[in-house]
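Listed below are the residues making up each chain.
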Amino acid sequence: VQLVESGGGLVQPGGSLRLSCAASGFTFSSYAMRWYRQAPGKGREMVALITSAGGSTNYADSVKGRFTISRDDAKNTVYLQMNSLKPEDTAVYYCMLRRGFDYWGQGTQVTVSS
């Protein structure tokens, strides 16, 4: 299993970013996928989840209405569209696969600052 995140960077408050997670080594379309984040000095928290085939999504209260998770099973990729970003969204963002064991990518840094 390999998960590779990309798309992070520095953005001003109110801005947008789209994160991508390219997956390989398993049947991507068969599994739910998750985005987590970890801010400095804090634990890792789940941000969003999308079920297999994209039938259902779930979000942390802190990002509802601002973030959208989606997937493209043809590209084995899960996305996180982040709008109206706030300084408190600053964190390393990870995608995660739960398949008995939890598999994590290396993460991508998102910094929201003026």
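Residues numbered from 1 in each chain as written. Predicted model: local features only at pLDDT ≥ 70, side-chain atom pairs only at ≥ 80, totals over all residues. Heavy atoms only, no water.

Visitor: Just give me the short version of the pairing of strand 4 (residues 33–38), but keep the residues and values in it.
Guide: Counting buried residues along strand 4, five of its six residues qualify, which places the element largely inside the surrounding structure. The pairing of strand 4 with strand 5 (residues 44–50) spans six bridges and is classified as antiparallel. Directly across from W35, in strand 5, lies its bridge partner A48. Hairpin connection between strand 4 and strand 5: a loop of five residues separates the two successive antiparallel strands, and G41 in this loop has a positive phi of roughly 75 degrees. Two strands pair when backbone bridges link them, and strand 4 and strand 9 (residues 91–99) are joined in this way by six bridges, in the antiparallel orientation. From the neighbouring strand, W35 faces strand 9, where its bridge partner is C95. (Buried < 20%, exposed > 50% of the residue type's maximum accessible area, 1.4 Å probe, protein only. Helix = DSSP H or I, 4+ residues; strand = E, 2+ residues; numbered from the N terminus. Pairing = 2+ DSSP bridges.)

Visitor: Any details on the state of the cysteines? Residues and values, ideally.
Guide: Scanning the model with the defined rule gives one disulfide in all. Shown here is the disulfide that connects C21 with C95, its sulfur atoms set 1.9 Å apart. Its torsion about the S-S bond being 50 degrees, the disulfide of C21 and C95 is classed as right-handed. Note that C21 is positioned in strand 3 (residues 17–24) and C95 in strand 9, a separation of 74 residues in sequence. A relative accessible area of 0% places C21 in the buried class. (Disulfide = S-S within 2.5 Å.)

Visitor: Can you lay out the packing of aromatic side chains for me, pointing to particular residues and giving the numbers?
Guide: Going through the model one piece at a time under the given rule, you end up with five aromatic pairs. Both rings, one in F26 and one in Y31, keep their centres 5.9 Å apart while their planes meet at 75 degrees; by these two values the pair is edge-to-face. Classification of F26 as buried rests on a relative accessible area of 10%. Between Y94 and W104, the ring centres sit 6.2 Å apart and the planes meet at 90 degrees, which makes this aromatic pair edge-to-face. Highlighted residues: Y94 in strand 9 and W104 in strand 10 (residues 101–104), separated in sequence by 10 residues. Looking at Y94, the relative accessible area reads 12%, which means it is buried. Exposure remark for W104: the relative accessible area of 33% places this residue in the partly exposed category. A connected cluster of aromatic rings, assembled from ring pairs, spans F26, F28 and Y31. Directly above the aromatic system of Y94 lies the positively charged group of R44, at a separation of 3.9 Å from the ring centroid. Looking at R44, its charged tip hangs above the ring of W104, at a distance of 4.4 Å from the centre. (Phe/Tyr/Trp six-rings, centres within 6.5 Å; stacked < 30°, edge-to-face > 60°. Lys NZ or Arg CZ within 6 Å of the ring centre and 35° of its normal.)

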